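Each chain, written out:
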Amino acid sequence: MWGCGALLGARTRSRLWREVLVAWGRRWSAAAPYSASAEPSRVRALVYGHHGDPAKVVELKDLELAAVGGSDVHVRMLAAPINPSDINMIQGNYGLLPKLPAVGGNEGVGQVVAVGSSVTGVKPGDWVIPANAGLGTWRTEAVFSEEALIGVPSDIPLQSAATLSVNPCTAYRMLMDFEQLQPGDSVIQNASNSGVGQAVIQIAAALGLRTVNVVRDRPDIQKLTDRLKSLGAEHVLTEEQLRKHEMKNFFKDMPQPRLALNCVGGKSSTELLRHLAPGGTMVTYGGMAKQPVIASVSQLIFKDLKLRGFWLSQWKKDHSPAQFKELIITLCSLISRGQLTAPACSEVPLQDYQRALEASVQPFVSSKQILTMC
């Protein structure tokens, strides 16, 4: 199994992946060019028939592959991550729930095998990612409608493509949509080692923004600090450090943040609010602590702080598919320039899904689990 800490570098591994996939794509293209009536075949998928603990309700099953119709695209999945939203969806406590039984996974990257006669946007060999949540990416192959997919460059790293459509999109929109930030302005966030947190650090650095990144204390805190700073983090603090009285002097050397990004809630979000500049905004996009966000009356009246929420699925509903595609193109450009990399991750074969699910819910694990289908 390849892991993120393997001896091969990310670029070397990505090049090897592409060589394998190009050869595979040629074989499939020769065998089934633009086929609309391929023979039915069996695919493997992680399916859940009812909501509950993912480790108990998710099963690896064989499914029949549907025939390719005129507007359909046959996709062989390459890699798909396990995100917190995937876990919440299986548990039944997410804002969007697919009809059961369902295939898990909202994100991933696949390669086009064959297309229907009316498909014009992609061709065999292209890489594609989901246009919306709920597609069910934890499977080896599938037939999707063309409108459910977005083409991405096949020369970006596999892990970057697999983790592109959720966390980086969330990070970019939160940085752009709530405060008119200028180079030199600062942003403060908690859960900074999360997938969104790592994307915020990198995108902010590319925009010339300074970041204050808060994490929970842990035995390997220096290792985590070094990694986040290698991504572009200016400051990395623990929750305990953020609560200290000395923090009053911290912002004498840099501007107070006008934007705070909250994925935790509870006391952690209270601390973010305490350090926001007057008139600033705190955007909540997650609730890892499962505790409410509490703002004092004085913060709302005398500091005029604003509390907002963000959900990428709602952003997509409020914007056109063309605008989401434009967002993906922007992020791919950052990836191509080396300004945005995939989060720290561990690749796990699909058949070892139980291990990946268990690891994805462990505390203090900064490595995202990515299911590989090959």
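The structure reproduced in this document is the subject of the present report.

Each value, and the rule that gives it
Residues numbered from 1 in each chain as written. Predicted model: local features only at pLDDT ≥ 70, side-chain atom pairs only at ≥ 80, totals over all residues. Heavy atoms only, no water. Helix = DSSP H or I, 4+ residues; strand = E, 2+ residues; numbered from the N terminus. Buried < 20%, exposed > 50% of the residue type's maximum accessible area, 1.4 Å probe, protein only. Areas by Shrake-Rupley, 256 points an atom, 1.4 Å probe, with all protein chains shown as cover. Core = buried A, V, L, I, M, F, W, Y, C linked by side-chain atoms within 4.5 Å. Contact = heavy atoms within 4.5 Å. Pairing = 2+ DSSP bridges. Right-handed = clockwise from strand over helix to strand, strands pointing away. Phe/Tyr/Trp six-rings, centres within 6.5 Å; stacked < 30°, edge-to-face > 60°. Lys NZ or Arg CZ within 6 Å of the ring centre and 35° of its normal. Axes fitted to C-alpha atoms, helices over the stretch in contact; angles between N-to-C directions. Polar contact = N/O pair within 3.5 Å; in protein donor to acceptor, adjacent residues only side chain to side chain. Parallel < 35°, antiparallel > 145°, perpendicular 65-115°, else oblique. Nonpolar A, V, L, I, M, F, W, Y, C, P; charged D, E, K, R; others polar. Salt bridge = Lys/Arg side-chain N within 4 Å of Asp/Glu carboxyl O.

1. As for the overall build of the protein chain
And step 1. Of regular secondary structure, the protein chain possesses 14 helices and 16 strands.
And step 2. Here the protein chain holds 374 residues, and 51% of them are scored as buried.
And step 3. Counting only carbon and sulfur atoms, one obtains 53% of the accessible surface of the protein chain, whose full area is about 17000 Å².

2. A word on the nonpolar core
Proteins that are soluble and globular tend to have nonpolar side chains buried together.
And step 1. By size, the foremost hydrophobic cluster in this structure holds 47 residues, and its most contacted members are V109, L175, I203, L261, I328 and L331.
And step 2. By residue number, the principal contributor to this core is helix α13 (residues 321–336), which donates 7 residues.
And step 3. Among residues more than four places away in sequence, those in contact with I328 are I129, I150, V152, L164, S165 and C169.
And step 4. Core analysis: the next-biggest nonpolar cluster, separate from the first, contains 31 residues, L46, V75, A148 and L357 among them.

3. Digging into the pairing of strand β11 (residues 235–238)
And step 1. Inspection of the sheet shows strand β10 (residues 210–215) paired to β11 by 4 bridges, in the parallel sense. Of the residues in β11, the one forming a bridge with V215 is T238.
And step 2. Each parallel crossover has a hand, and the one from β10 via helix α7 (residues 221–231) to β11 is right-handed.

4. Examining the packing of aromatic side chains
And step 1. Counting across every chain of the model gives 3 aromatic pairs.
And step 2. Relative to F310, the ring of F178 has its centre 6.3 Å away and its plane inclined at 85°; by these criteria the two rings are edge-to-face. You can see F178 sitting in the loop between α5 (167–177) and β9 (186–189) and its partner F310 sitting in the loop between β14 (306–309) and α12 (312–318), a full 132 residues away along the chain. For the pair F178 and F310, a shared accessibility class is recorded, and that class is buried.
And step 3. On the numbers, 5.0 Å between centres and 85° between planes, the contact of F250 with F251 is edge-to-face. Note on accessibility: F250 and F251 belong to one class, buried.
And step 4. A cation over a ring is seen here: K316 above F324, with NZ or CZ 4.2 Å from the ring centre.

5. Some words on the environment of I129
And step 1. Relative to the helices and strands, I129 is located in strand β6 (residues 127–130).
And step 2. Separated by 35 residues in the primary sequence, I129 and L164 place their C-alpha atoms 8.1 Å from one another.
And step 3. Not counting the four nearest positions on each side in its chain, I129 is found in contact with G108, V109, A148, L149, I150, V152, A161, L164, S165 and I328.

6. Here's the deal with the sheet that holds strand β2 (residues 58–64)
And step 1. Taken in spatial order, the 3 strands make up an open sheet running β2-β1-β4, and their pairing is antiparallel. Strand pairing shows two members of the sheet lacking a second neighbour, β2 and β4 (102–103), which therefore form its edges.
And step 2. Contacts from helix α14 (residues 353–360) reach β1 (42–48) and β2, with the element oriented near 135° to β2.

7. Observations concerning the sheet that holds strand β13 (residues 281–284)
And step 1. Reading across the sheet, the 6 strands line up as β11-β10-β9-β12-β13-β14 and stay open at both edges, with parallel pairing between neighbours. Each end of this open sheet is capped by a strand with a single partner; those strands are β11 and β14. Along the sheet, successive strands turn relative to each other by an average axial angle of 20°, direction set aside.
And step 2. Across the sheet, helix α6 (residues 195–206) lies against β9, β10 and β12 (259–262), angled at about 175° from β9, the strand it touches most.
And step 3. Across the sheet, helix α10 (residues 266–275) lies against β9, β10, β12, β13 and β14, angled at about 175° from β12, the strand it touches most.

8. Quick notes on the side chain of S186
And step 1. Within the fold, S186 resides in strand β9.
And step 2. Using a relative accessible area of 2% as the deciding quantity, one classes S186 as buried.
And step 3. Among the polar contacts made by the side chain of S186, one reaches the main-chain carbonyl oxygen of P255 at a distance of 2.7 Å.
And step 4. In contact with S186, other than residues within four places in its own chain, are R210, M254, P255, Q256, P257, R258 and L259.

9. Structural notes on the packing of α6 against α7
Two quantities define a packed helix pair, namely the angle between the helix axes and the distance between the axes.
And step 1. In contact at an axis separation of 8 Å, α6 and α7 are set at 40° when each is read in the N-to-C sense. Here α7 runs oblique to α6, going by the angle between their axes. Between α6, through Q198, I201 and Q202, and α7, the contact on the second element is made entirely by R227, L228 and L231.
And step 2. Residue composition of the contact of α6 with α7, grouped by class: 3 nonpolar, 2 polar and 1 charged.

10. With respect to the pattern of salt bridges
And step 1. Within this structure, the stated rule accounts for 9 salt bridges.
And step 2. With a shortest N-O distance of 3.8 Å, K61 and E59 are connected by a salt bridge.
And step 3. K61 gets classed as partly exposed once you look at its relative accessible area, which sits at 38%.
And step 4. Here E59 falls in the partly exposed class, since its relative accessible area comes to 41%.
And step 5. In this structure, D126 and K123 form a salt bridge, with 3.1 Å as the shortest nitrogen-oxygen distance.
And step 6. Taking relative accessible area as the criterion, K123 reaches 45% and is therefore assigned partly exposed.

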